[in-house]
Amino acid sequence: MSRAARKLKVGVTGANSDLGRLLIPRLAADPRVGELVVFDVAKPEGVKATFRRVDLTKVGRDADVSHAFEQEQPEVVYHLAFAGTRVHRADIAHELEVMGSMHVLTAAARAKPERLVVASMTAVYGARAQAPAVLTEDDALHGCPGSRFINDKVEVERQFSAFRDANPRIETVVLRFAPLVGPTSDNPVTRWLRTGVIPTLMGYDPLWQAIHENDAAEALQRALVCPAGVYNVAADGVMPLSGLIRQAGSRGVPLPGPVLRTVVSALESVGRTSVPDALLDYLRYSLVADVSRAPAALGFLPRYSMAEALSSLQEARA
Amino acid sequence: MSDGKPPRVLGNDPFKRVAPKAAPAAPAAPEKPPADQLAEALAEKIANEPPASPGRPIPRPVMTPVPPKPALPKPLLPKAVQPKREAPKPPPPPKIVVPKPKTGDGTPARRAVTSFASFAADPPPPQPKVTVPERPSGRPSAQTLQPVPSPPVFEPVPHAASPEARHAPQPHDGSPELKAEFTAHDTSPVVVELLEPGRATPHAGSPAVVRELNDHEAVPHEGSPEVVGGRVTELSVAFEAAREVGEGLARPLLAAATGMARAAKAALGFGSNGPVDTWGKDAALSSSLQPLGDFLYDTYFRVTVEGADQVPQGPCIIVANHSGALPLDGPMLHYALQRERRDLESARWLVEDQVFHAPVLGVLINRIGAVRAHPENAVRLLEENRPVIVFPEGFLGISKPFTQKYQLKRFGRGGYVKLALKMRVPIVPVAIVGAEESMPLLAKIPAGPLGLPYLPLMPPPLPARWRIRFSEAVTLSGSPEDLAYVQEQNDLVRDTIAGMLASLLAR
């Protein structure tokens, strides 16, 4: 309430990530934001913001973030520093995702901002045979056995949950995004959907969701003042994977499981983007998050339908 | 389909060469009209038409010289657009000559016929045969080919749609005599008109005309004008033609086949183009499967339903026995509710993991309304005011051998009773008889590598008579925590269903 009236000092980690890149200009233009501080290894271009160089993966400099937070004293902290691109060295990804988040949370516990916002993904629920058809924010995060990428995200959420319990006076907002798509997005899912010919699992056609990058950025922006909590954010509706691939302008090629595994490992060895073996469950079981909570809390409905969001993938390709 | 091939080849080559001869034969044709009784009716209607048909093809593509004809063809051409749909069919359907009578019955076919007739009427009804010969004169090879061949070829197409394919051989012959016979049938002239636009244009080799006439068929025609498209397209073309012309049995069967093809495509993971709801149901796919459902429901299983009016408005739990080697009772009960109680929200049925996560089958049933059995799913469905169909026996119900038919297995842990108590919704017990006889489980074939617990050894679904009886709705009052009460109610519902089964089987 009072916060809505005054100008906020907002800190953002990972300004160069997909979401950071989309969010920073919005925050810069937001009348509620008085000052913008960017914590990253490189200064984002063309944005009027204070830049603090912080490397979350640097060994022996764990306290850098804490010092930066303490000096800047941001009132709202967005933690978006996650590996958006494919990192072949899993240890580095792990350093950034898990250790980096730990450092940020530690710093936040010391600097005590009013609010901490973190971006997560609905994939943390896991695509599981035993799951209900629609997953709410209260459901357990099962992750994906065998996938370090997903399980690191789950680990971050656990840290966040622990942080929330330990710091009840700091408002926390977690936005779990459906797979992020859009003309400028570059994440494992968009790269996969842009490969043209996509092997899928024959006999299965799970339901997927997606969210347009602009809608995701808007949701993040609105998290500036929304009620604290965890929210699933996805475009309206669901699509079978086959339809999603078609809408994205690629062609799905259903292959029997054993053949698919062979093809996938062959593609991997050639360096083509595909779905790793560990993530095959996402091609087998539906993963649909309940999005009824977010609109009321964030005060907005995604503007892009799922089909529009996926079609936007082709804009970039064209 | 087989007929389709011969007409093409025969029609094309022979026509071109024989075309001139055909003209003389044509006159003979009028004499032969009695050939088919069915065809006769059409023929009579169309008798006037034949002249027009020759004129149309000629003027456009090839025959500029014929002054009167051009006028006719032009009007025909616009109409021809409609025929074009049929036109695509013509290439494959050489055998289908007989169907013309059917076309008359079929609404689409009729339209085409009437339109042709009107066109034909415009020009005085000269002898179709005569006109044909004229064309050849105008253009020796190409023109003659167009008019003459087109009639035989196209005729077969419509025939393909129709059950009677016997006439086809005549057109196939492609000999002038045969052609004459066709004309004689009267049906031939009509066909010719319809077919000619599509076919003639390709022959004529005027790309613009071809495009106009055959929007979808254009591709095959253009690719091989003389051969009337690739063989691969032949099937689909014939299929589509048949669908338009289809009538009586052909139409529902084809519709059912189309729906099944769509369903198979979706089930394999190629997807269907329709949107799905949160539960995965694809309304478009479901409605395309409706002809199949109607056929199974009305004709094959002859389902009789008793007491459907006892299903209360609003959310309720419908509890049924599970039987048969394939879980077809879920869809059929769902379908019965859909037909008997249109006032209710669309029901969904709950399916155990073994089926829901089975490849192909799982996707298929999900697209037509199955939901994975999970308490949260059931609650959410009931909150949407839907009747929820459950089979408490679960997988045990459909995996019992035929020797144990209609012997109820354990009713799970009474989850549906707890759910009814928690959500305060009534329970409607239902007995389904017929699934066991339709799909007896004779043996189980291990199928671990396929991701299935087993493959059922069973005959193809047999046309046993199905009966579905709904019992009175039971409203429970108690605590879902009181497990002993849950047990009692579970037993009561089970006994109710067992009693209904016994009485249904005793009849």
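Residues numbered from 1 in each chain as written. Chains lettered and ligands numbered in written order. Predicted model: local features only at pLDDT ≥ 70, side-chain atom pairs only at ≥ 80, totals over all residues.

## A few points about the overall build of chain A
Argument step 1. What chain A contains, in helices and strands, is 12 helices and 13 strands.
Argument step 2. A buried classification covers 52% of the 318 residues belonging to chain A.
Argument step 3. For chain A, the share of sequence-separated contacts (at least 6 apart) that also reach a separation of at least 24 residues comes to 80%. (Helix = DSSP H or I, 4+ residues; strand = E, 2+ residues; numbered from the N terminus. Buried ≥ 20, exposed ≤ 12 C-beta atoms within 10 Å, placed from the backbone. Contact = placed C-beta atoms within 7 Å.)

## So, the packing of helix 2 (residues 18–29) of chain A against helix 7 (residues 213–222) of chain A
Between two packed helices, both the angle of their axes relative to each other and the distance between the axes serve to describe the pair.
Residues and elements named next belong to chain A.
Argument step 1. Close contact between helix 2 and helix 7 brings their axes to 9 Å; oriented N to C, the two are set at 60°. Classed by the angle they form, the pair helix 2 and helix 7 counts as oblique. Between helix 2 and helix 7 the crossing geometry is right-handed. Taking contact as the criterion, the partners of Asp18, Leu19, Leu22, Leu23, Arg26 and Leu27 in helix 2 are, on helix 7, Glu213, Ala216, Ala217, Leu220 and Gln221.
Argument step 2. Split by residue class, the contact of helix 2 with helix 7 holds 7 nonpolar, 1 polar and 3 charged. (Axes fitted to C-alpha atoms, helices over the stretch in contact; angles between N-to-C directions. Parallel < 35°, antiparallel > 145°, perpendicular 65-115°, else oblique. Left-handed = near helix turned anticlockwise from the far one by under 90°. Nonpolar A, V, L, I, M, F, W, Y, C, P; charged D, E, K, R; others polar.)

## Looking at the sheet that holds strand 2 (residues 316–320) of chain B
All names here are of chain B.
Argument step 1. Strand order across the open sheet formed by 7 strands is 1-9-6-2-5-3-4, with mixed pairing between neighbours. Because the sheet does not close on itself, it has two edges, and the strands there are strand 1 (304–306) and strand 4 (370–372). Averaged over all neighbouring strand pairs, the angle between strand axes comes to 25°, with direction disregarded.
Argument step 2. By the bridge criterion, 4 bridges tie strand 2 to strand 6 (residues 427–433) in an arrangement that is parallel. Across the sheet, residue isoleucine 318 finds its bridge partner in strand 6, namely valine 428.
Argument step 3. The strands that helix 27 (residues 415–423) touches are strand 2, strand 5 (387–390) and strand 6; relative to strand 2, the one it contacts most, it runs at about 165°. (Pairing = 2+ DSSP bridges.)

## A few points about the interface of chain A and chain B
Argument step 1. With 22 residues of chain A in contact, the opposing surface of chain B contributes 21 residues.
Argument step 2. Going through the elements one at a time, strand 8 (197–201), strand 12 (239–240), helix 8 (241–247) and strand 13 (251–255) of chain A are the ones with two or more residues in the side of chain A that touches chain B.
Argument step 3. In the side of chain A that touches chain B, the residues fall into 13 nonpolar, 7 polar and 2 charged.

## Quick notes on the packing of helix 19 (residues 250–268) of chain B against helix 21 (residues 290–300) of chain B
Residues and elements named next belong to chain B.
Argument step 1. Between helix 19 and helix 21, the shortest axis-to-axis distance is 7 Å and the interhelical angle comes to 120°. The orientation of helix 19 relative to helix 21 falls into the category oblique. As for the relative orientation of helix 19 and helix 21, their crossing is left-handed in sense. Between helix 19 and helix 21, the contacting residues are Pro252, Ala255, Ala256, Gly259 and Met260 on the first element and Pro291, Leu292 and Phe295 on the second.
Argument step 2. Residue composition of the contact of helix 19 with helix 21, grouped by class: 7 nonpolar, 1 polar and no charged.

## As for helix 7 of chain A
Argument step 1. By the criterion of burial, helix 7 of chain A is predominantly enclosed, with 7 of the 10 residues buried.
Argument step 2. Those residues of helix 7 of chain A lying buried are Glu213, Asp215, Ala216, Ala217, Ala219, Leu220 and Gln221 of chain A.

## Brief notes about the environment of serine 346 of chain B
Residue and element names in this part refer to chain B.
Argument step 1. With respect to the secondary-structure elements, serine 346 resides in the loop between helix 22 (329–340) and strand 3 (348–351).
Argument step 2. Assessed through the 17 C-beta atoms surrounding it within 10 Å, serine 346 is described here as partly exposed.
Argument step 3. For the pair serine 346 and proline 387, spaced 41 residues apart in sequence, the C-alpha to C-alpha distance is 7.3 Å.

## Some details on the nonpolar core
Argument step 1. By size, the foremost hydrophobic cluster in this structure holds 177 residues, and its most contacted members are Ala210, Leu220 and Val233 of chain A together with Val319 of chain B.
Argument step 2. With residues up to four places along the chain from it excluded, the contact list for alanine 210 of chain A reads Ala178, Pro179, Val181, Ala234, Ala235, Leu244, Met306, Ala309 and Leu310 of chain A. (Core = buried A, V, L, I, M, F, W, Y, C linked by C-beta atoms within 7 Å.)

## Looking at the sheet that holds strand 3 (residues 50–53) of chain A
Strand pairing within a sheet occurs via backbone hydrogen bonds; the two strands may be parallel or antiparallel.
All names here are of chain A.
Argument step 1. Taken together, the 7 strands give an open sheet; going across it, the order is 3-2-1-4-5-6-11, and neighbouring strands pair in parallel fashion. The open sheet has two edge strands with one neighbour each: strand 3 and strand 11 (229–233). Ignoring strand direction, the axes of neighbouring strands in this sheet form an average angle of 20°.
Argument step 2. Contacts from helix 3 (residues 64–72) reach strand 1 (8–13), strand 2 (33–40) and strand 3 within the one sheet, and its direction differs from that of strand 2 by about 165°.

## So, unusual backbone geometry
Residues and elements named next belong to chain B.
Argument step 1. Phi is positive for arginine 302, close to 45°, though the residue is something other than glycine.
Argument step 2. Locating arginine 302 in the fold gives a position in the loop between helix 21 and strand 1.
Argument step 3. Backbone geometry places arginine 424, a non-glycine residue, at a positive phi of 55°.
Argument step 4. Mapped onto the elements of the fold, arginine 424 is located in the loop between helix 27 and strand 6.

## Observations concerning the environment of valine 104 of chain A
Residue and element names in this part refer to chain A.
Argument step 1. As for its placement among the helices and strands, valine 104 is situated in helix 4 (residues 90–111).
Argument step 2. Take valine 104: there are 28 C-beta atoms within 10 Å of it, and that puts it in the buried class.
Argument step 3. A C-alpha to C-alpha distance of 6.4 Å links valine 104 and valine 65, two positions 39 residues apart in sequence.
Argument step 4. Here valine 104 is in contact with Thr13, Val65 and His79, once residues within four sequence places are set aside.

## Describing helix 27 of chain B
Argument step 1. Those residues of helix 27 of chain B that fall on the buried side of the exposure criterion are Gly415, Tyr416, Val417, Lys418, Ala420 and Leu421 of chain B.
Argument step 2. Residues of helix 27 of chain B that are buried sit in contact with strand 2, helix 25 (375–383), strand 5, strand 6 and helix 29 (483–506) of chain B.

## Focus on the confidence of the model for chain B
Residues and elements named next belong to chain B.
Argument step 1. Residues of chain B with pLDDT of at least 70 account for 51%, and the chain-wide mean is 66.
Argument step 2. Note on residues 1–229: pLDDT under 50 across the span, and 542 contacts to partners over four residues away in sequence or across chains.
Argument step 3. Two numbers describe this predicted complex: its pTM, 0.68, and its ipTM, 0.87. (pLDDT = per-residue confidence, 0-100.)

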